[in-house]
Amino acid sequence: MDKIKVIGGKKLEGKIYISGAKNAALPLMTAALLTDEPVTLTNMPILSDINSLCVLLEQHGSKIEVKDEILDNHETKTYTFTTKKIKTTKAPYEIVRKMRASYYVLGPLLAREGKVELSLPGGCAIGARPMDLHLSALEKMGAKIEIKKGYVHAKVRKRLKGAHIIFPKVTVGGTCNLLMAATLAKGTTKIENAAKEPEVNDLANLLISMGAKIYGIGTSILTIEGVDKLHGANHKVVPDRIEAGSYAMAAAITRGKIELINACPRDLATPISLLRDIGVKIEETKRGFIIDANKCKIIGKDVMTEPFPGFPTDLQAQFTALMTTADGASLITETIFENRFMHVPELLRMGADINIHGHGSAIVRGVKKLSGAEVMATDLRASFALILAGLVADGTTIVNRVYHLDRGYEKLEEKLAAVGANIKRIKE
Ligand code: UD1
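Residues numbered from 1 in each chain as written. Predicted model: local features only at pLDDT ≥ 70, side-chain atom pairs only at ≥ 80, totals over all residues. Heavy atoms only, no water.

K.L.:
Could you clarify how one ought to interpret the overall build of the protein in this entry?
P.N.:
The helix and strand inventory of the protein stands at 14 helices and 24 strands. Its C-alpha atoms give the protein a radius of gyration of 21 Å, within 12% of the compact-globule value 22 Å for 428 residues. Going through the 428 residues of the protein one by one, you find that 58% of them count as buried. Sequence-distant contacts, at least 24 apart, represent 74% of the contacts inside the protein between residues at least 6 apart. Carbon and sulfur atoms form 51% of the exposed surface of the protein, whose accessible area is close to 17,100 Å². (Helix = DSSP H or I, 4+ residues; strand = E, 2+ residues; numbered from the N terminus. Rg over C-alpha atoms; globule rule 2.2 N^0.38 Å. Buried < 20%, exposed > 50% of the residue type's maximum accessible area, 1.4 Å probe, protein only. Contact = heavy atoms within 4.5 Å. Areas by Shrake-Rupley, 256 points an atom, 1.4 Å probe, with all protein chains shown as cover.)

This is the structure:
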């Protein structure tokens, strides 16, 4: 299994191109199942999660065409999905277990074919991650749902029907699945307490270009008037705010200066304001923003994860790593997932001073220096947190289980090496 080797101590300086957002691309790809016409997505990131979802879509009957393209001076991929006929409505365990986001086929297949058999994705390192909210909302739309032998069996007689859904908790996946299901339902669906993440808005915008009628985008109340048919469309995937936030922290932790090209500051308003509060200079440019931490004193600051527009849980591990070398202490509170401090024991092995309290919070006290070590992470964002620690640690850090990073960070070593990091992949 590949590893990443980082030798710490380099200040990062230069430009990094931000790729299309993984968490937007995944539901956009399954939205293509809602029509028999081609759906073209540009600015697609090059990631293993995208390849895994392609395998699932192909077995459902999609023909996929991939082209290389240069967008804004940056190499990207354009994918066209055409699903003339659904070959099978079964999403099998062998594919779903590789990627939780496979659950995004549920809404589209149920809306188009009236039935789905989806292997339950199960938990993951950061928590149990149930699907109960997706399922109870679809039941309200008329679906009959049973769980048998590890599979969700969902069926509907004729068509899903519009319903009034109030999510008791903000769910990104639940909101996306419901949005897709409601576009082809009979009548109007109202979703209250909907997720407002930029990736949800991106999905709503694609659905509108496919002929859907959706109102209230960007607010917590979405109204969808069902239509009889959707058509093909072209759509550019939004920039990855989590990738941009992760590299912003790389600039900050190495006290460097990086321009993030194609990043969208509006989608990162809370993390940007937090970075300013801890002492980093941030300047918006026409093509993204610049993080300048040169000669900055970085101070400890408390943070709590929340649904958008709050501080994203997907940047919590990276911020925790940044705080390990800050001046002073920081209380980090995780409110979205119950088990998202798996990076902490590994950071402790690198000399960090962190105390976890219960499941929900950690106190980080800044130390003068971290020291390189062989470490391993259990999820994508935690792996990036270890890379960040490695960038400033004394000596060599080896990050194991690189497949986590390959799921969500396009060309990670290339992008970091281009701004001066001493980093390379060790193939094994
Ligand atoms: C998505 C993102 C993930 C991000 C998360 C929160 C993708 C592919 N993944 O995950 O990177 O960290 O949003 O921003 O876009 N919950 C239930 N029942 C449900 C659904 C969710 O209890 O039916 C709970 C979850 O366990 C969690 C919380 O609700 O505690 C939020 O989860 P949700 O927003 O649904 O996360 P995902 O869509 O899985």
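On we go.
K.L.:
Would you explain helix α8 (residues 241–253) in this entry?
P.N.:
With 13 residues, α8 extends 18 Å between its outermost C-alpha atoms, agreeing within 8% with the 18 Å of an ideal straight helix rising 1.5 Å per residue. Of all the 13 residues making up α8, 13 are buried; the element is thus mostly covered by neighbouring parts of the structure. By the N-cap criterion, in which a side-chain oxygen at the helix start approaches the backbone nitrogen of a residue two or three places on, α8 is capped by D240, the distance to I242 being 2.9 Å. (Expected span 1.5 Å × (residues − 1). Polar contact = N/O pair within 3.5 Å; in protein donor to acceptor, adjacent residues only side chain to side chain.)

K.L.:
In this structure, what is going on with the sheet that holds strand β19 (residues 329–333)? I would like to understand it.
P.N.:
What the 4 strands build is an open sheet, ordered β18-β19-β21-β20; its pairing is mixed. At either margin of the open sheet sits one strand with a lone partner, and together these are β18 (303–304) and β20 (353–357). Bridge count between β20 and strand β21 (residues 361–365): 5 bridges; the pairing is antiparallel. Paired with D353 across the two strands is R365, which belongs to β21. (Pairing = 2+ DSSP bridges.)

K.L.:
So what exactly am I meant to see when it comes to the environment of G187 here?
P.N.:
With respect to the secondary-structure elements, G187 resides in the loop between α6 (172–183) and β11 (188–192). For the pair G187 and I224, spaced 37 residues apart in the sequence, the C-alpha separation amounts to 8.4 Å. Look past the residues within four positions of G187 in its chain and what remains in contact with it is G162, I224, E225 and G226.

K.L.:
I tried to follow unusual backbone geometry on my own but got confused; where do I start?
P.N.:
If a residue is not glycine, its phi is most likely negative; likewise, a peptide bond is most likely trans. At the junction of F308 and P309, the peptide bond is cis and its omega measures out at 10° in the coordinates. Here P309 is to be found in the loop between β18 and α10 (316–323). We note that R255 has phi near 55°; this positive angle belongs to a residue other than glycine. With a phi angle near 75°, N262 is a residue other than glycine that sits in the positive phi range. Checked against the element boundaries, N262 lands in the loop between β15 (257–261) and α9 (269–277). What makes N262 buried here is its relative accessible area of 18%.

K.L.:
Could you clarify how one ought to interpret the packing of aromatic side chains in this entry?
P.N.:
The relative placement of two aromatic rings is captured by the distance of their centres and the angle of their planes. A complete count under the given rule lists 5 aromatic pairs for this structure. Ring centres of Y247 and F384 lie 5.5 Å apart, and the angle between their planes is 80°; this geometry places the pair in the edge-to-face category. Taken together, the positions of Y247 in helix α8 and F384 in helix α12 (residues 380–392) put the pair 137 residues apart, joining distant regions of the chain. A relative accessible area of 0% places Y247 in the buried class. Since its relative accessible area comes to 0%, F384 is described here as buried. Among the aromatic residues, ring-to-ring pairing joins Y247, F384 and Y409 into one connected group. Note that K90 overlies the ring of Y151, its terminal NZ or CZ placed 5.0 Å from the centroid. (Phe/Tyr/Trp six-rings, centres within 6.5 Å; stacked < 30°, edge-to-face > 60°. Lys NZ or Arg CZ within 6 Å of the ring centre and 35° of its normal.)

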